[in-house]
Amino acid sequence: MADFTALRIKPQRFKADFETLAAIGSTEDGGVDRPSLSEAHLAARAWFRQRAARDGLTVAVDSAGNHSAVLPAVALDTPHLLLGSHLDSVPHGGRFDGALGVAAALEVLSTIKDAGLQLPISLEAIDFTDEEGTLVGLLGSAALVGRLTPGEIQSPRGGRQSLLAGLQRAALSEEGLFLARRDPASLAGYIELHIEQGPRLARSQTPVGVVTAIVGIASYRLIFHGRANHAGTTPMNERHDAGLGAASFMLAAHRLVVESFPDCTVNTGLLQLEPGAYNIIPGQANLALEFRSADDKEFEQLENALLALARQQADQFGLEFEANFLNRHAPAPMSVSMQQAIGQAAHCLELGYQAMPSGAGHDGQNLAHVCPAGMIFIPSQDGISHSPREFSAWQDCINGANLLLQSALAFTFEHYRP
Ligand SMILES: [Zn+2]
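Here the residue index of a chain counts from 1 through its sequence in written order. Under the rules for a predicted model, residues below a pLDDT of 70 receive no local features and side-chain atom pairs below 80 are neither given nor counted, while totals for whole chains, interfaces and linings still include all residues. Excluded from the side-chain calculation are hydrogens and water; included are all heavy atoms of the structure.

Asks: Before we go on, may I ask you to explain the overall build of the chain in this structure?
Replies: Secondary structure assignment for the chain yields 13 helices and 15 strands. Atoms counted for the radius of gyration: C-alpha only. Globule rule: 2.2 Å times the number of residues to the power 0.38. Computed over its C-alpha atoms, the radius of gyration of the chain comes to 23 Å, within 12% of the 22 Å expected for a compact globule of 418 residues. With respect to the three principal axes, the spread of C-alpha positions in the chain is 85 × 45 × 40 Å. Throughout this description, buried means an accessible area under 20% of the type-specific maximum (1.4 Å probe, protein chains only), exposed means over 50%, and partly exposed covers the range between. Across the 418 residues that make up the chain, the buried fraction comes to 55%. A run of H or I in DSSP counts as a helix once it spans at least four residues, and a run of E counts as a strand once it spans at least two, with each numbered from the N terminus.

Structural data, given as structure tokens:
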């Protein structure tokens, strides 16, 4: 085997690709607006196909719209090592989220092809459909691993009409989404390069992060039932104010997580009071609760603690309480062998790294169910993401792409000797 550890990506080609992508659906404030299956997103995908073909990579689009560029192994029927991310963005998002990982994956394949390096498995750069959840969320990867459920398509978070309109624009069908499943035996693994989207790497001035797990996310709709009554004539000590129960819970939940679950997060992002008037004591409060943890056991403890706390706060204000479970994604540990390959590659590139969980959801959490999955983070300036102000230094992007290249090679030669 030739010494592959000296191989590096071509920074100019990588940068040109990144900038071309940043111009598609660009906004005046320096961000991009490419919601899933919008015209701008489809234009970015047209670019992907041209870019892959230009460098002689094989282009493939599956029935869930996932876009792939393949560098085939010499032998037929070899499994594929997927390197991917997503070209869709949140509305008025940044230029790095997703696009960086796709541009880097293409660059890695072109670099290996240019070098004439023969691999024992096929390499595949992949752009997953609807990662961000404008429509469904992690749609393409869920379809690919066979975890998409009809319920998610019937009542998607972005609304059913938006989903159907998007599918039509992309010439995709609802039935097709369920036909994109691949045999796990055909998947050698998955590696994604992504910006951290948080402040930790930038703060500790660490060039790269090796992701240990993607957090589990659960959501509930909490309902506090009180008694709507006259705001002026009901004595202060005789009220059953649903709003106070919800507000008190919001503060207590924040304190609980800060004090007792320092590695977790909680968010109460939506509060509706009913009937909702200046002169009526709130009779009902609907609260959106979301919480995250990277550890299974802690996730469960957090869930129990938050629900008990909500019940206790409801009691304190003389309210009835109801918790409606909405959604749960279990924490997804990244594969140890993939973390080792990334760590080994970082060592070889002399890049200091930090092991860390991902607080955001990613397609890797779906892939982790069927093959060894790993993720590489690079620093996000000031931890800003999902914003036009999202920024990563170009040298960090180059480091990340070289680490993606070397991790893919290290994993391949460790597990599939030629
Ligand atoms: Zn992303």
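Asks: For this particular structure, what's the right way to read the pattern of salt bridges?
Replies: Side chains that differ in sign of charge can pair as their charged atoms come close. A side-chain nitrogen of Lys or Arg and a carboxyl oxygen of Asp or Glu constitute a salt bridge if their distance falls within 4 Å. What the rule picks out here adds up to 14 salt bridges. Note that Arg-328 is salt-bridged to Glu-303, the shortest N-O span being 2.6 Å. Of this pair, Arg-328 sits in strand 12 (residues 320-329) while Glu-303 sits in helix 10 (residues 296-316), placing them 25 residues apart in sequence. Overall, Arg-328 belongs to the partly exposed group, its relative accessible area being 35%. What you see here is one network of salt bridges that share partners, running through Lys-10, Arg-13, Asp-17, Arg-51, Arg-54, Asp-55, Glu-107 and Asp-114.

Asks: Even after reading the chapter, I still don't get the coordination of the zinc ion, so can you show me in this structure?
Replies: Geometrically, a metal with four donors at the corners of a regular tetrahedron has ideal angles of 109.5 degrees, and one with six donors at the corners of a regular octahedron has ideal angles of 90 or 180 degrees. Here a donor is an N, O or S atom found within 2.8 Å of the metal, or within 3.2 Å if the metal is Na, K or Ca; sites may look incomplete because water is not among the atoms. Each protein donor to the zinc ion is listed here as His-86 (NE2), Asp-97 (OD) and His-194 (NE2); together their distances run 2.0 to 2.1 Å. Spacing between the donor residues of the zinc ion along the chain follows H-x10-D-x96-H. With Asp-97 in the loop between strand 3 (80-85) and helix 3 (99-115) and His-194 in strand 5 (residues 187-195), the pair connects residues that are 97 residues apart, well separated along the chain. Each member of the pair, Asp-97 as well as His-194, carries the same accessibility label: buried.

Asks: What exactly am I supposed to notice about unusual backbone geometry here?
Replies: In this chain, Glu-274 is followed by Pro-275 through a cis amide linkage whose omega measures 0 degrees. By secondary structure assignment, the location of Pro-275 is in the loop between strand 9 (265-274) and strand 10 (280-281). Backbone geometry places Leu-138, a non-glycine residue, at a positive phi of 50 degrees. With respect to the helices and strands, Leu-138 occurs in the loop between strand 4 (122-127) and helix 4 (139-145). By relative accessible area, which is 11% here, Leu-138 ends up buried.

Asks: Quick question: what am I supposed to make of the packing of helix 1 (residues 11-23) against helix 13 (residues 394-415) here?
Replies: For any two helices packed against each other, one specifies the inter-axial angle together with the distance between the axes. Between N-to-C directions, angles cover 0 to 180 degrees, with each direction set by a line fitted to C-alpha atoms, over the stretch in contact for helices. One way to put it is that helix 1 packs onto helix 13 with a least axis distance of 11 Å and a crossing angle of 110 degrees. The angle between helix 1 and helix 13 falls in the class roughly perpendicular. The element helix 1 and its partner helix 13 pack so that their crossing is right-handed. Judged by residue contacts, Pro-11, Phe-14, Lys-15 and Phe-18 of helix 1 engage Trp-394, Cys-397, Ile-398 and Ala-401 from helix 13. For this classification, Asp, Glu, Lys and Arg are treated as charged, while Ala, Val, Leu, Ile, Met, Phe, Trp, Tyr, Cys and Pro are nonpolar and the rest, including Gly, are polar. Here the residues of the contact of helix 1 with helix 13 are counted per class, giving seven nonpolar, no polar and one charged. Our angle categories are set so that under 35 degrees counts as roughly parallel, over 145 as roughly antiparallel, 65 to 115 as roughly perpendicular, and the remainder as oblique. We call a crossing left-handed when the near helix sits turned anticlockwise from the far one by less than a right angle, and right-handed when that turn is clockwise. Here, residues are in contact when the closest pair of their heavy atoms is within 4.5 Å.

Asks: Sorry, what's going on with the packing of aromatic side chains here?
Replies: Put simply, two rings from Phe, Tyr or Trp (the six-membered ring, in Trp's case) pair if the centres are within 6.5 Å, and we call them stacked under 30 degrees between planes, edge-to-face over 60, tilted for the rest. Evaluated as defined, the whole model comprises eleven aromatic pairs. Arranged with centres 5.5 Å apart and planes meeting at 75 degrees, the rings of Tyr-220 and Phe-325 form a pair that is edge-to-face. With Tyr-220 in strand 7 (residues 216-225) and Phe-325 in strand 12, the pair connects residues that are 105 residues apart, well separated along the chain. On the accessibility criterion, Tyr-220 (9% relative accessible area) is buried. Where Phe-224 meets Phe-249, the ring centres are 6.3 Å apart and the plane angle is 40 degrees; that geometry is what we call tilted. Placement of the pair is Phe-224 in strand 7 and Phe-249 in helix 9 (residues 242-260), with a sequence separation of 25 residues. Assigned by exposure class, Phe-224 and Phe-249 land together as buried. Three or more aromatic residues joined by ring pairs make a cluster, and in this case those are Phe-14, Phe-18, Phe-96, Phe-391 and Trp-394. Comment: the charge-over-ring label is applied if NZ (Lys) or CZ (Arg) is within 6 Å of the ring centre and within 35 degrees of the ring normal. Across from the ring centre of Trp-394, 5.7 Å away, lies the NZ or CZ of Lys-15, which sits over that ring.

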